[in-house]
Amino acid sequence: MSTRQFSDLPSLFNYLNIKDLSDHDQSLIYQINQLLPQTQCGLCGHADGCLPYATAIIKDNEPHNKCVPSGQIVANKIATLLDREILAAVPSRWQTDPNTSRPMEVRAVIREDDCIGCTKCIPACPVDAIVGSGKQMHTIFTDLCTGCELCLPPCPMDCIELIPHPRAISDTERYAEQADLQKRYYKHLERIEQQVNDKTNAKPVISMVQAKLNDISVNIDENQAKNTIESAKLRTQLKKLEKQLSVKFDTTKQQQYDELLQKLAKLG
Ligand code: SF4
Ligand code: SF4
Ligand code: SF4
């Protein structure tokens, strides 16, 4: 594999130091990442998504069975790729889709009657599938949604629901779709970075879909925008920790959870 595959990663991933690894290890990380669903849901314990998990499997010898949405099939494929033992996949709370033998995929739907247009769900979506602007009803483009569930915690109205999305899809179609999801996530990260670094004209993070629709005006002041983004991030981290703690108690994680809760309370 050419190391150029990792030459233009979003700067969020600098901490992984992938380019310092041998070509062999980079190649393995690349291949594992291609197998992963690219929903960036964080259920493997890696809040920044699939690439950090793929990297940890190689760099830190992390178990290869932790990707919840991809299930046993992908755990087995990684085991074969790495010549490691077969491990039982970490179970999903969703039943198995008989079409794919993977955990059932889900898609998010906003109960539009209950939506208050607060915009809090928008920055949480790693693939920019939500459209709407301040004080207006929001909606989700189901075709773009991966069902990662990350938009649920920031919603103050609990008006985002998940619906099962059974489907038959070939491996070729799936890998093409995953490559596209990965691209969209990296674009999303680059755009957030640009907006965070934009000191002159700080705006709340808005979706690419919305920008494409030329509806980029959101009537919200700079401090409120920063709080909105920060609160969404904190809620997302809290939800992930909550899920992890519900599976297994961990003192450090509980401490992180309490600290994040205090930070969120201060943001109001
Ligand atoms: S899909 Fe979710 S659980 Fe699977 S590797 Fe990506 S972030 Fe982790
Ligand atoms: S709309 Fe919600 S569930 Fe769907 S991809 Fe975006 S954050 Fe994930
Ligand atoms: S977070 Fe909930 S209430 Fe706010 S815009 Fe999104 S769906 Fe609507």
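The present account deals with the structure reproduced in this document. Note that the structure is a prediction, hence the values are computed from the model and not measured. (Residues numbered from 1 in each chain as written. Chains lettered and ligands numbered in written order. Predicted model: local features only at pLDDT ≥ 70, side-chain atom pairs only at ≥ 80, totals over all residues.)

1. Brief notes about helix α3 (residues 71–82)
Move 1: For α3, built from 12 residues, the straight-helix expectation of 16 Å at 1.5 Å per residue is met to within 8% by its first-to-last C-alpha distance of 17 Å.
Move 2: Listing the buried residues of α3 in full gives Gly71, Ala75 and Ile78. When α3 is viewed along its axis, its buried side chains cluster within an angular range of 65 degrees and face the same direction.
Move 3: On its buried side, α3 packs onto α1 (23–35), α2 (50–59) and β2 (102–103).
Move 4: Remark: Asp83 follows α3 within two positions and exhibits a positive phi of approximately 55 degrees. (Helix = DSSP H or I, 4+ residues; strand = E, 2+ residues; numbered from the N terminus. Expected span 1.5 Å × (residues − 1). Buried ≥ 20, exposed ≤ 12 C-beta atoms within 10 Å, placed from the backbone. Arc of directions from axis to C-beta. Contact = placed C-beta atoms within 7 Å.)

2. Quick look at the environment of Ile130
Move 1: Note that Ile130 resides in strand β4 (residues 130–131).
Move 2: We classify Ile130 as buried; it has 25 C-beta atoms within 10 Å.
Move 3: In sequence terms Ile130 and Leu144 are 14 residues apart; their C-alpha atoms lie 8.7 Å from each other.

3. Quick look at the site of ligand 2
Move 1: In the region of ligand 2, 14 residues are neighbours, and Ala108, Cys125, Cys145, Cys148 and Cys151 sit closest.
Move 2: Its residues assigned to classes, the shell around ligand 2 comprises 11 nonpolar, 2 polar and 1 charged. (Near = placed C-beta within 6 Å. Nonpolar A, V, L, I, M, F, W, Y, C, P; charged D, E, K, R; others polar.)

4. Concerning the site of ligand 3
Move 1: Around ligand 3, the structure places 15 residues, and the nearest of them are Cys115, Cys118, Lys120, Cys121 and Cys155.
Move 2: Of the residues in the shell around ligand 3, the class split is 10 nonpolar, 4 polar and 1 charged.

5. Focus on unusual backbone geometry
Move 1: Of note in the backbone geometry, Gln38 takes a positive phi value of approximately 65 degrees without being a glycine.
Move 2: In this structure, Gln38 sits in the loop between α1 and α2.
Move 3: Residue classification places Gln38 among the buried residues on the basis of 26 C-beta atoms within 10 Å.
Move 4: Positive phi outside glycine occurs at Asp128, with the angle close to 55 degrees.
Move 5: Tracing the backbone through its elements, the reader meets Asp128 in the loop between β3 (106–110) and β4.

6. Considering the packing of α1 against α2
Between two packed helices, what matters for the description is the angle formed by their axes and the separation of those axes.
Move 1: It is at 9 Å that the axes of α1 and α2 come closest, and there the two elements cross at 135 degrees. As far as their axial angle goes, α2 and α1 are oblique. As α1 packs across α2, the resulting crossing turns out to be right-handed. In this structure, α1 contributes Asp25, Leu28, Ile29, Ile32 and Asn33 to the contact, and α2 contributes Cys50, Leu51, Ala54, Thr55, Ile57 and Ile58.
Move 2: Each residue belonging to the contact of α1 with α2 can be placed in one class, and the counts come to 8 nonpolar, 2 polar and 1 charged. (Axes fitted to C-alpha atoms, helices over the stretch in contact; angles between N-to-C directions. Parallel < 35°, antiparallel > 145°, perpendicular 65-115°, else oblique. Left-handed = near helix turned anticlockwise from the far one by under 90°.)

7. Looking at the nonpolar core
Move 1: Among the nonpolar cores identified, the biggest contains 40 residues, and Ile32, Tyr53, Ala54, Cys121, Cys125, Ile130 and Cys151 are the most heavily contacted of them.
Move 2: Taken together, the elements giving at least two residues each to this core come down to α1, α2, α3, β3, β4 and α4 (171–197).
Move 3: Sorting elements by how many residues they give to this core places α2 first, with 7 residues.
Move 4: There are two domains that each give this core at least three residues, and those are domain 1 (11–101 + 168–191) and domain 2 (106–164).
Move 5: Residues in contact with Ile32, not counting those within four places in the same chain, are Ala54, Ile57, Ile78 and Leu81. (Core = buried A, V, L, I, M, F, W, Y, C linked by C-beta atoms within 7 Å. Domains from an automatic or database assignment.)

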